[in-house]
Amino acid sequence: MKSPRIFMFFLLCSLLSYGQDFFVSGTIIDTENNPIEFANVILLNEDESEILKGTSTNDTGVFVLNNLQARTYVIKVSYIGYTEFTQKIVLTGTLDLQTILLEEDSEQLDEISIIAKKPTIKREADRLVFNIEKTALVEGNMLQVLKSTPGVLVIGDDITVKNSNPTIYINNRKVNLSSEDLNQLLTGSSANAIKSVEVITNPSARYDAESGVVINIVMSKNLVTGYRGSVFTNYTQAVFPRYTAGTSHFFKNENISLNVNYSYSKDKINRDNDDTVNFLNTANNNVIDQSWHSMINRNTWSETHNLNTNFDYFIDDKSTLSLSSNVLYLPYFKYSIDNNTVIRDVNGDFSSRFTADNLSRDTKHNLAFDIDFTHNFNKGNLAVNGHYTTYNYDRAQGVKSDFFDMNDTFTNATAFNTNNNQDTNIFAGKIDYSLPLNDSSNFETGIKFSSTNTESDITQFDADVNTGNETIDAQNSDAFNYDEQIYAAYANYDLSSEKWSLNVGLRMEQTNIEGRSPLTNIENTQDYLEWFPNASLQHNISDDYNVYSNYKRSIGRPSYASLNPFRFFLNDNYVVSGNPFLIPTFTDHFVVGANITDYFTFEAYYKNYDGAISEIPRQDNNTNVIEYISVNFDKTVEFGFDFITNFDVTDRWSIYAVTSFYNFEEETNFGQGFVKQDQWSNYSELQNDFTLLKDNSLNISFALTWVGKNLQGFQIVEDRLFSDLAISKTVFNKKGVVSLSVSDLFNMQDIDSNVRYQNQFSTQSVDIDNRYVRLGFRYKFGNTKLNSNARAIDSEERDRLEKKEK
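Engineer: Looking at this structure, I do not really get the overall build of the protein. What am I missing?
Structural biologist: Looking only at helices and strands, the protein features four helices and 46 strands. Among the 806 residues that make up the protein, the fraction classed as buried is 55%. Within the protein, contacts between residues separated by at least 24 positions form 67% of all contacts whose residues are at least 6 apart in sequence. When the accessible surface of the protein is totalled, it reaches about 33,900 Å², and 54% of it is carbon and sulfur.

Engineer: Even after reading the chapter, I still don't get the side chain of T601, so can you show me in this structure?
Structural biologist: Mapped onto the elements of the fold, T601 is located in strand β33 (residues 600-610). A polar contact of 2.5 Å, which involves the side chain of T601, links it to the side chain of N595.

Engineer: Explanation requested: the layout of surface pockets in the structure shown.
Structural biologist: Which parts of space are left empty comes out when a probe the size of a water molecule is rolled across the atoms. Each pocket or cavity is described by its volume, and for the second largest pocket that value is around 190 Å³. What lines the second largest pocket is simply I458, A474, Q475, N476, S477, D478, L519, T520, I522, P565, F566 and R567. Taken together, the residues of the lining of the second largest pocket sort by class into six nonpolar, four polar and two charged.

Engineer: Just to check I follow, could you spell out unusual backbone geometry for this structure?
Structural biologist: Backbone phi values are negative for most residues with the exception of glycine, while trans is the configuration of most peptide bonds. A positive phi is found at Q98, a non-glycine position, where the angle reads about 60°. Examined against the element boundaries, Q98 turns out to sit in strand β7 (residues 95-101). The phi angle at N624 is positive, at roughly 60°, despite the residue not being glycine. With respect to the secondary-structure elements, N624 resides in the loop between β34 (613-620) and β35 (625-632).

Engineer: Please explain a negative patch on the surface as it appears in this structure.
Structural biologist: A contiguous patch of negative charge, built from E498, D543, D544 and D598, is present on the exposed surface. Mapping D544 onto the fold places it in the loop between β28 (522-540) and β29 (545-556). Residue classification places D544 among the partly exposed positions, given a relative accessible area of 41%.

The rules behind each value
Residues numbered from 1 in each chain as written. Predicted model: local features only at pLDDT ≥ 70, side-chain atom pairs only at ≥ 80, totals over all residues. Heavy atoms only, no water. Helix = DSSP H or I, 4+ residues; strand = E, 2+ residues; numbered from the N terminus. Buried < 20%, exposed > 50% of the residue type's maximum accessible area, 1.4 Å probe, protein only. Contact = heavy atoms within 4.5 Å. Areas by Shrake-Rupley, 256 points an atom, 1.4 Å probe, with all protein chains shown as cover. Polar contact = N/O pair within 3.5 Å; in protein donor to acceptor, adjacent residues only side chain to side chain. 1 Å grid on protein atoms, 1.4 Å probe; cavity = no way out; pocket = protein on both sides within 12 Å on 5 of 7 lines; lining within 4 Å. Points joined across faces, edges and corners; volume = space filled by probe spheres on them. Nonpolar A, V, L, I, M, F, W, Y, C, P; charged D, E, K, R; others polar. Patch = residues over 30% accessible without salt bridge, like charges linked within 9 Å, V, L, I, M, F, W, Y side chains within 5 Å. Salt bridge = Lys/Arg side-chain N within 4 Å of Asp/Glu carboxyl O. Lys, Arg positive; Asp, Glu negative; His and termini not counted. Charge placed at Lys NZ, Arg CZ, Asp CG, Glu CD.

Note that all results are geometric; they support no functional claim without further evidence.
This is the structure:
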C-alpha cells in the first residue's frame, strides 16, 4: 500500500525547510492578566530611525518576530487605551521576553469605557468569530452559547449550520460524542471560561475531512501562576424542573498546570407528538385506505456525571507533555413512551385503536484519554497526540400493547422485551508540524491514523402477557461487528499580505471498513482512497472593500449505528432500522463574497452533496409499519444568497443581523421511479447585546431567529421562530454572578412537518420541551483574575457513536 509513503512525504517536505534564524517572542497582558489580542508589536533599529519588522498578537496575546539576525534592536508594543511599552534588546540568540504588561492610559479613557472594547462579532473569509467575554452568555452553559451564536441552530439534540451538522471543537480539539451525549456534555458545562465561538465554514486541510463545517469553542488561556476555583448551580423550570451543579479548579506553577471540571445534572424532559399516517390503497391510485392518528407522550429521566481533567507538564521552555481525560457517565437513564393510536377508515369513521406503553432503562459510559507532546523549535512547532476511547452502552426495553375493536372493546394484548448492547474501542494517533516560512506565510503538514472496533448485539423476546414467559424472536435478534481503519495526511499553506490572503491545502484519507453480521451473514466491505482539496482567496481592494472566494471538498461517513442492520421496535408498528449498505457523502462547497466596510457582507454559495445521508420515515402500506431508516439520496443541491451586518448602535448596544434566501433540492429513486422536491426558504437572525450600569456589571443578550418553511429529507418543515434572552449581574465585589435566561419566549419553536410523495402521506407535530426559565449562580474564589486553560480532548471517530431514538 502506497499510503504510508505519501504520509512521510508530506511530513518531510516541511522538515527540509528548517532554518537557523533567531526569533523574538512574548505574551502581552493587561493589568488583570488577560491577554491582549491585536496589540501592535514593531521592531526598530537601535536609533529608532527605521522599522525593521512588525506583527500583532494573536488571541492568546502571543507574538513572534521571525528571521532576525544578531544585533541590537528596540521593541515597541502599543494598543489603544494603553501606555506604549518600549525596550532595547541585544539579540545574540532566540529570545523569549515572557510576559509584557501594558498599563491603562488614563488620558485615553473616559469614566464609562474603561478599556477599548473589541467587536462582539468579527467576519473573516472562512469564519465568523463570536466574542462572548463581555456578554451575559458566559453565565449560562455551553449549549446556551451555541444557541445564541449567529448562524447556529439547536433543535433538540441536533446542532446545525445552514442545513449541515458541524463538527464541534474546543480549543481546536475535537469533541467526539454522539449527538445526545454531546448535548448532555454542553448542557452540563459552564460557559464562564469561553472567550469566543468560531463558526468555520471553510476549514483548512489540518481539520479532518469529515469537518465540512467546524464550530470551535475558544477557551480563555491562563497566563500567570496561582490557584482559582469556582462553584456553580442552576435551576431550570420547563415542563418539569431540571438541576445542574458543578465546580472547576485550576492550578499552575512554573512546572505544571492542572485543570479539573466536574458537573452533575438531573433532568426530566418532556416531548409530545401528534402524528398522522395515511395508509394508501396502492392498487387504487393511492387513495387513503386508513388514517392512523397517534398521540404520543415521551418522558426522559437522566442523571449525568461529567468529569474533564487536563494536566500539563512543562519539560522546558520549548516542550510540554499533556495528559487529558473526558469522562461521561450515565448511571441512570430512563424513558417512557405512552402512545394512543386511533384508526379511521376512508370515510373518517372509527375502526379501532391501540395503546402502546414503552419503558426503557439505559446505562452507559464514554471514557476518553489523550496524551500530547508539543515542541517549539527555533522555527516551527511539532505536536504529537495519542488517543483512546472506550464506549459502552446497555439498554433494556419492555413494550406492551393493548388492542380495541370498532366498538372500543378490548380484544387482545401483545408484549415484547429487548436487550441491546454496544461496546466500542477507538485508538488514534497523529503528528502535526507547523513551519513559519516568513512573516507573512506559514506551512503545515501532518499524518493521522485511527482504528475503530465496535461489537453490538440485540435480542428480542416475545413475552406472554399472562405468564410473563419469554421466547426469543430470532427474526429480530442479531449481532454486528464493525472494524474501521483510516490513514490520513495533509499539507496546508497560507499567505497574508496587505492586498492578498491565500490559504490552500490538500488532505488525503485512505479508509478500510469491514462490517459483518454473523447471524444473518450480511457483510459490508469498503476500501477507498479520497483527496480533499480546500482553497480560500481574499483580495483587499482598499481598507473598506474586499472580495473573497472559498472552496472545500469534505466527506460525511455513516455513523456506526446507521450501518448496524438491527431493527429496533418501539412498538408493533414503529421500528428504527440500520442500513449496512450506506456509503459516504461527498460534499463540494463553493462560496463567493464581498465585505463593504466593517459592517456589511454579501455572499453567495453553492453546495453539491453526492450521496447525501438522511434518516427518513417510510410507511409500508401493506403491513402498516412505519420504519425510520437512513438512506443515500441520488442528488442533493443547495444554493443561496446571504446578507450580513453587524455594528454598534451605541457604546453599550451592539447588533448582528443576517438574512439568507436559499433553495434546497433533493432527488432519489425509492424503487418506484425518481422523486424530486425543492423548496425556497429564508433564514434570518437578529442578535442584540447590551452592557449596562456604570461599572458594566449588567449584561443582556437577546436573539431572534426565523427559520422559514424548508425541506429536510423529503419532509416539508413549517415556519419557526426561535427566541432567547440571557441576563447576568455581578455581585459580591464581582466574585459572584447571578444569571437569568429564558428560551422560546413566543412559543413558536415547535416542529410541524409533512410528507407527501408517491405512496407516502403523513404529518407530524412535535412539541419539544425547549421553553424554559433558568436561574443560575456562580461564585469564584482563589486568585479570581486567572483565566482557565480548559480544553476538550479529541478523536475523529467518537462523534459517530450515536444510537437512534424516536
